[in-house]
Each structure stands twice: as structure tokens, then as C-alpha cells.
Amino acid sequence: MADSTLTLCATSRLAQTLRGELPDGVAVARTRQALSVGQWLAALADEALVVGRPILPQALDADAERLLWEQVIADDLAAAAVDGAALFDLPGLAASAMEAHGLCRAWGLSAVARGSLASDEARRFAGWQAEFERRCAKGGWLDTAGVQAQLVDAIAAGAFALPAVVVFAGFDRPTPAERRLAEALAGRGCRVEYSVFSAVDRSDGQVFACPDAAAECRAAVDWVLRRRAVDPAVRLAIVAPDLAGVRDRLAALLDDALHPAAIRPDGAGSLRDFNISLGRPLAEQPLVALGLDLLALGGGHQRIEQPRLSALLLAGFWAGSGAEADGRARLDAAIRRDLPWFVAPLAVPRHAERLAGEDLACRHTLAALADGLAVLAEAPRSQLPGGWARTFRRALAAFGWPGERALSSHEYQAHQAFLELLAGFGRFDPLLGRLGAAAALARLRELCRRRVFQPETRGRPHIQVLGVLESAGLAFDGLWVMGMNDDRWPPPPRPNPLLPVDAQRAAGSAHASAEVELDFVRRVQARLSRAAPEVHFSYARADGNRLLRPSPLLLGLPAAVACDPAVETLADRLAGAPDCVALDDAQAPPVTLGDNPGETVRGGSWLLRAQAICPAWAFYQFRLGAEAMETPVEGLDPAARGTLVHGALEAFWREVGGADGLAALDEISLTATVDRAIAAALAAFEAAQRTNLPARFRTLEAARLQRLLLRWLAVEAARPQPFTVQACEEQASVDIEGIRVNMVVDRIDRLADGRRLILDYKTGAAIDTKNWAQARLTEPQLPIYAALLGADGDAAVVGVAFAKVLMDKPAFTGVAADGDLLPGVAGLGDAKQKVFPVEAFPDWNSVVTHWRQALHNVADEVRRGVAGVRFADPGDLRYCEVLPLLRLSERQRLLAAAQRAAGGQA
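Residues numbered from 1 in each chain as written. Predicted model: local features only at pLDDT ≥ 70, side-chain atom pairs only at ≥ 80, totals over all residues. Heavy atoms only, no water.

Comments concerning the overall build of the protein chain
Then, number 1: From N to C terminus, the protein chain includes 31 helices and 26 strands.
Then, number 2: Relative to the 2.2 N^0.38 estimate, which gives 29 Å for 906 residues, the radius of gyration of the protein chain is 37 Å and therefore markedly larger than a compact globule would have.
Then, number 3: Taken over the C-alpha atoms alone, the protein chain extends approximately 115 × 75 × 60 Å along its principal axes.
Then, number 4: When each of the 906 residues of the protein chain is scored for burial, the buried share is 44%.
Then, number 5: Within the protein chain, contacts between residues at least 6 apart in sequence are counted, and of these 75% link residues at least 24 apart.
Then, number 6: Total accessible area on the protein chain stands at roughly 44500 Å², and carbon and sulfur atoms take up 54% of it.
Then, number 7: A gap of 4 Å separates the mean positions of the 97 positive and 109 negative side-chain charges of the protein chain. (Helix = DSSP H or I, 4+ residues; strand = E, 2+ residues; numbered from the N terminus. Rg over C-alpha atoms; globule rule 2.2 N^0.38 Å. Buried < 20%, exposed > 50% of the residue type's maximum accessible area, 1.4 Å probe, protein only. Contact = heavy atoms within 4.5 Å. Areas by Shrake-Rupley, 256 points an atom, 1.4 Å probe, with all protein chains shown as cover. Lys, Arg positive; Asp, Glu negative; His and termini not counted. Charge placed at Lys NZ, Arg CZ, Asp CG, Glu CD.)

Structure follows, in C-alpha cells:
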């Protein structure tokens, strides 16, 4: 019997904490022997192997066991020809079967329990379990729980040198398997003890009622800050039953309050004084996700979506990500602009040479891309997982993964975790056999999703953010338990669906019934209440529009106190800093006119439109040249579809000429003419885009355009006045306040008496003509032509209208001098006309004069450099490409602060 004390812990976190503790007043001490039950039994298995004891079966780790269950279930469903077997969630079924098998091991359950009425699911699971055990026996394998049971049997039989004292710590509710281990140890003469927490004074504990979960997080962090202000070395903990749901919000608040420098790009892996027990899937780590995405390129022949390619070009962690970042960004912009939705990665270097020419600044990136694709292309079509692991490593090295810069601590750990997983991929050779590249990568990606990555904690953080189970056995100076609502505390029962429910209830297995859950949370709450001298509980009153209630287990505690503190954020501190100066940035430099020096202001009618909606928009986009990146879409985006409509209608009217030509066409001739116009528009579009639409897609788009144009031409045929199409897509230019405005007029119709109508095609439903009577014209293109380019006399413009080319309610909408010029367009004197009040606009000349003055006023703003962030309706900014530069959230914060200040003075 070894003369020592071993502490067996309920969690590895508790074991790590106990190993790091030092007795009071001692600077150096022997490390405490503290392990989780699984860690200690695994060490015994290694000892048995080293000393040559009878060899245990090879233990299946969790991934291998889940895979074996998946294969067993898939084979059974296929053999039984189950209806809809292809629709079954095999990974989900395998996880449930694995959990059920674990419950059988830990709680002595059986799939078909004596005296229980077995369900169809239980009977089918019994068959799966028998086949699983048969395959394990054949392969010389055993699930981890089974290996542990054999080790406990060996302990009871006299194997292994055991410590004199074994202390079980942190077990809220030991399972029968854990109790059996304790009995085996006691039978061998070990003194078995259970750690007991001594009661502490909780006279200052409170219950807090918060408006919602976000307020709960703020309240907990505010409490942390107040405690640390008194004692920076205080050890605090925040415990949440639903840690996954609040993790990100708590981490952001703690970072903001305690580590504001972590907002910097190089601060992600910096040392923090708080630790969150819940890790994230390894697949979500940026370095690993990038590696998997590179491998997903395959040999490069398969076309992929542009967003995937764009993400790779803009990502770090592979060749050229630092030195060639600018060149990559320019290449990405060119690909977005000029290439179709689907792009073959192997063709990217060729496209890059054509798009960027001699100014190609990412040659190292393109060379690494070609090298990595070559490695994947040369790999065998199928091989064992171990072979794919070697191929994947060579390919990643060729891609230059994980990049050229030094990795941070977190990145290095993620890199090592991925390499370790890749190195162990060969252990699936007997289970998976030979498989293709896509299947191998899918398995690898699934392993990364299931592997929880938790970076090693550096130092000893003073603040712990924990789940309920991870808090077992730990003690603190202060504790805040949040999420104490009745729908979570106690949680609803969750019996395993593959085992008889009555057998689970009788055994009292985990999550079997409401009684089991209630008993468990009572034990946990009692343990948490003794874990610190100061323990607070909190709950949320609402979740959106859903009202919430506190847990009934809070009864008997101090009455709830309303709590909704405001935690000062980094933005608040920077805004309130004494050296932070507020500048009035509403004035830009005036436009310098003339040849030397002169400023070319681009944008045409869009410049005046943006200036009328929000002056800052016009300044950033049309004077400074800021613009949004192209956003590729699959197929055609609304702008491209609008271009095709414009092109088809232009081709149609150039052939038909006007109302007389339209009236002369019978149904067959009209359809044929429309089809020719559509073919011309599609050909022109493909030439301009330097691409060919897929044949099937081209046919579908042509059919859509045919239906749309025939629908619209029925509206044109109903016009009361004969007309001739004088011009289509006509370019025009006008000087307003010294600013040259170039524009394209969709269509100009000449009436029989020589007067003209200006039409603008619209393929979207949102059209605003009410602004035409206001001081700021937010749809200025038609008013520009009518007021500044329209001729007087017989050729005068007497009406402007948008042609709404839509399948649903196609129509003209606009204004005209008379009411009989266009269907649906009221004249100025008509009773139905509500936009232009007759008192202010008695005739057409008054409308044109108003437009002319409004346009000159807006153009004068541009010339003078008016560039403030002001707008009448936020909805008018929906097409603004420079929205981030307007800093609307900061504007709202400043307005709110001004309103609060004004309220305080009142």
C-alpha cells in the first residue's frame, strides 16, 4: 500500500486547480496528487501495459466509438430497408446510441429491461448494442467506459499499488460506477473519504431581478468590477447554467472592462485575468478553419463560389498573407467585379494575369496556391485515412500554412491540436477503409467540429466564468450565479429515447425525470451556496416579448432586488476622455473649379441624389471616391436583370419605332420581335461581362424577359396619345453651378404635336415621386432633364414618368402638364394629382422652375463643400455604399447625450 493521498476529482478543472494550490504561508510545496477519475484509470491502463500485465482491449476514444456506432446503425437501417433511411440523422442517432450505452455502463441499465414494456426504439437499440459489442470483440476494442469497468475489476482483484487515502472531491451525485470504484478501493484497504465544504457566512448574499439576459451579464460584470476596485486580488466566479448562451456577451464585457487593449488585432491571444471554462470547436479556430478550407479546394478543377475564394484571398495563415495583402485585396476586387459566381481555383492565376496585368502583386500567393492544388491533384483517388493525413500535411505545407508570421500562444496551441488530430487520423483505417478525398476531408472536418479546443490558461486568473458542472468542488471569495429562471433551474428532464423511460427513472440515471433533475439541482445549489462567503443569484424577467419567472428554488432567499446597471464600455471611456476633442466635420473643402487647379466631380445625377439625401454620402462616395466592394451573387442580381430589361426594350423600340409600329404587330409578330430584342440584349450583356451564361439559365432568363416585356407592352399599347420613340439610352450632359453632370436618359418619346415625354425604366417596386415637390429632390434624374435640358416651344418636355416594368401592377407613375398624356399619370390640374399643390404649382412652368432652383441649390451645396451627416429618413440610405463612414451609431449616441443634457438642464 503506497503511503500517499490521492484526490479523485469530478472534473479535470478541479484536479488542475488542486494541483496548483499551495498551503497558506508556503512558497514551495510538493504538487498535490489530484486527477479526475478518467485520468487516473487511464494512468493505470498505461501502467498495466508497461509492467506486462494481461493486455486490456484497445480503448476506443469518443470519436472512434461514435464512428463505430454510426456504421452499425447505417448497416442495420440498410439491411432492414427502413423507409426513409436516407433521411435519418445518422450522426445524431450515433450520439444517442453512444449516450445510451454509456448510461448502461454507468447505471447498470439494459436496453430491454425486465418488467419494462420495451419500445420499438429500445428493441432496435438492443440489436445495435449487440452488434456494436460483437464488432468490438472482433476488432479487439472496447469502449472507454468498458475499459474503466475492467480496471475497477482488476483493482478489486488485487492489481496495482494503491494510495493509502483516496479522497473523492466535487461529486454532486456519484453514479453507481463511481460508487463501485470507491467500494473496490475500500475493499483493498484504502481509506476512502469524501471532501465536505464547511459552511460559510452568506449574510450579504442577494437575489437580483434583471430585465433580460443582457442586463444579467452587465450586472454580473458590474459586481466583478466593484469587488476588484476594493481588492484587486479577490477570487471571483460567475456560474451560468446556460454558459454557451451568454459566453460571448460576458467575454466581450470583461474584455471591454478589464483588457481594453485586447481590441487590437494583436491582442486576441494576450494574457487575461479571466478564464471561461467552455471551449469552442477546433474547427472554429481561424487557423484551423483556413486549413480545412484550403484542403477543400481539392485539385482545383471543381468550381467554387466566389465568396469562398474571396475569403481565402483575404485570410491570413498561408503564403503571402502579410507581404502580399494589398495585392490579394486588389485581385479579390477584380475577381468580384469581372468573374462569374463560380470560379475554378486552378484558373485563378490565369485570371489574375489578365485582370491585373503587370501590376500583379501577389505572385507568391498564386505560386503557393498552384503548388497546394498540385499536391491534392496528384493524390490517389482513394486511400486509407492515414494516407490522406500525409497527403493533407504535404498540401498544407505547399499552401504555406500556417503562414509566415510568428503565431500567438492561442494560435500555436490550435495549430498543435490540429496536427495532433491529423496525426491520429490513421487510427480510423480499420473502421473507414479506403475513401475518397471529399469523404476523408468531411470526416476530418467533423472531427474538428467535435473536438473542443480550450487554450491552456496562463497564470492564475482571478475571475472564473464556469458552467454548473465545471464549478464542482471549487471555492471562491465571491460567486455570482446567473440564469436562475424556472425554465432552466431545474432543467426539463431529458431521458435517453433509446432506453426504457421507466427503467431510467427507477435507476435515477442522469436527466431521467423531473425528480432526478430537481434532486440534482438542489445538491448543486447547496454546494454553490457554500462555495464562497458572498453568493448572489440573478434571473431575467423577460426574453424579448416572452415574460420569464424566477426559479422556485430561490424561495427562502432574500427578496429580489431590481438590477440593471450600465457597464462603462471602451467607447464610453474614449468618448469621455479629457483629451478627446469633438470636431464639427460637416464642412468639406469647397470644389475647386477651373482648369488649374480643377477638381473633377463624378457621379452624374447620383451625385445630386446622394447630396439631397445625405450630404456626407455624396462627399465620401463621389468626391473622395469611396465605394463598396462588388458583392457577387449566383445567377443575376437585380441590377443585372434591370440592365437586361433596359437592353431588350431599347432593341425593341429601335426596331418598332413607336405606337404605330406596335399597333401593327399581331400576337405572333409581337412575340417574335420581343424574342429578337431579348436575344440582342443577352448577347450584349454577355459581351460586356465577358462571360457566357449557362444554356439552361439563359433559356430561363429569356422566358422571364419575354413574359415581362409582353406584360409591359400591353401597358404601352393602351397609351391615349400616339408617340414616336425619339431616343433610347441617350447620353446627356449639363453644367449646374459649375459642376458637370453626365447622365443617360432611358427614353424620350415625341408626341404627335412635337412635345416630348421623358421616361425612366424601373424594375424595382420602390419609387418615390413625392419628393419632386420638396426642396431636396431625392430622385433628380428626370427633373434634371426636364428643367435643364428640355427645349422650349413645340419640342418642350411636358411630362416625366417612371415606367414600372413589373409583372405585378406595371404602370407609369410621374407628373405631366396634362392628364391625357400617359395612362395613370395625372396632370397638374387633375383632382387626383396630390403631389404638387395647385397653390404653389399652378402650371407646368412653375414645376420646372421649382426643379431648376432645387437642383441648383443642391449643386451649390456640393460646390461649397456641405458634407454633414443629416437625412430625413434612414430608409433613404438603403442604397448608400459608404454607410459605415457615416457612423450612424455614433451620431445616435451623440444625439442621445445631447437630449439627456437638455433634459437635465430643464
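So that's the structure; there's more coming.
Regarding the pairing of strand β17 (residues 478-481)
Then, number 1: On β17, burial covers both faces: Gly478 and Trp480 on one face and Leu479 and Val481 on the other are all buried.
Then, number 2: For strand β8 (residues 236-239) and β17, the ladder comprises four bridges, and the chain directions are parallel. Within β17, the position partnered with leucine 236 by the bridge is glycine 478. (Pairing = 2+ DSSP bridges.)

Quick notes on the pattern of salt bridges
Then, number 1: One pass over the full model with this rule turns up 53 salt bridges.
Then, number 2: Here aspartate 75 and arginine 135 are joined by a salt bridge, their closest N and O atoms 2.8 Å apart. Of this pair, aspartate 75 sits in helix α3 (residues 62-80) while arginine 135 sits in helix α5 (residues 120-139); the two residues are 60 residues apart in sequence, bridging distant segments of the chain.
Then, number 3: The residue glutamate 701 makes a salt bridge to arginine 704 at a minimum N-O spacing of 2.7 Å. Of this pair, glutamate 701 and arginine 704 both sit in helix α27 (residues 695-717), three residues apart, roughly one helical turn.
Then, number 4: Judged by its relative accessible area of 3%, glutamate 701 is buried. (Salt bridge = Lys/Arg side-chain N within 4 Å of Asp/Glu carboxyl O.)

A closer look at the pairing of strand β24 (residues 756-762)
Then, number 1: Most of β24 is tucked away, with six of its seven residues classed as buried.
Then, number 2: In sequence, strand β23 (residues 739-751) turns back onto β24 through a hairpin of four residues, with glycine 754 there showing a positive phi of about 95°.
Then, number 3: Bridge count between β24 and strand β25 (residues 797-804): seven bridges; the pairing is parallel. Bridged to leucine 759 within β25 is alanine 801.

Here's the deal with the packing of helix α2 (residues 37-51) against helix α6 (residues 144-156)
Then, number 1: Close contact between α2 and α6 brings their axes to 10 Å; oriented N to C, the two are set at 70°. The orientation of α2 relative to α6 falls into the category roughly perpendicular. Contact residues: Gly38, Trp40, Leu41, Leu44 and Ala45 in α2; Gln148, Leu151 and Ile155 in α6.
Then, number 2: The class makeup of the residues in the contact of α2 with α6 is six nonpolar, two polar and no charged. (Axes fitted to C-alpha atoms, helices over the stretch in contact; angles between N-to-C directions. Parallel < 35°, antiparallel > 145°, perpendicular 65-115°, else oblique. Nonpolar A, V, L, I, M, F, W, Y, C, P; charged D, E, K, R; others polar.)

Let's talk about the packing of helix α16 (residues 409-423) against helix α18 (residues 437-450)
Then, number 1: Following both chains from N to C, one finds α16 and α18 inclined at 130°, their axes separated by 11 Å at the closest point. Regarding the angle of α16 to α18, the classification is oblique. Our pair here, α16 against α18, has a crossing hand that is right-handed. Facing Phe418, Leu421 and Leu422 of α16, the residues of α18 in contact are Leu444, Leu447 and Cys448.
Then, number 2: Residue classes in the contact of α16 with α18 are distributed as six nonpolar, no polar and no charged. (Left-handed = near helix turned anticlockwise from the far one by under 90°.)

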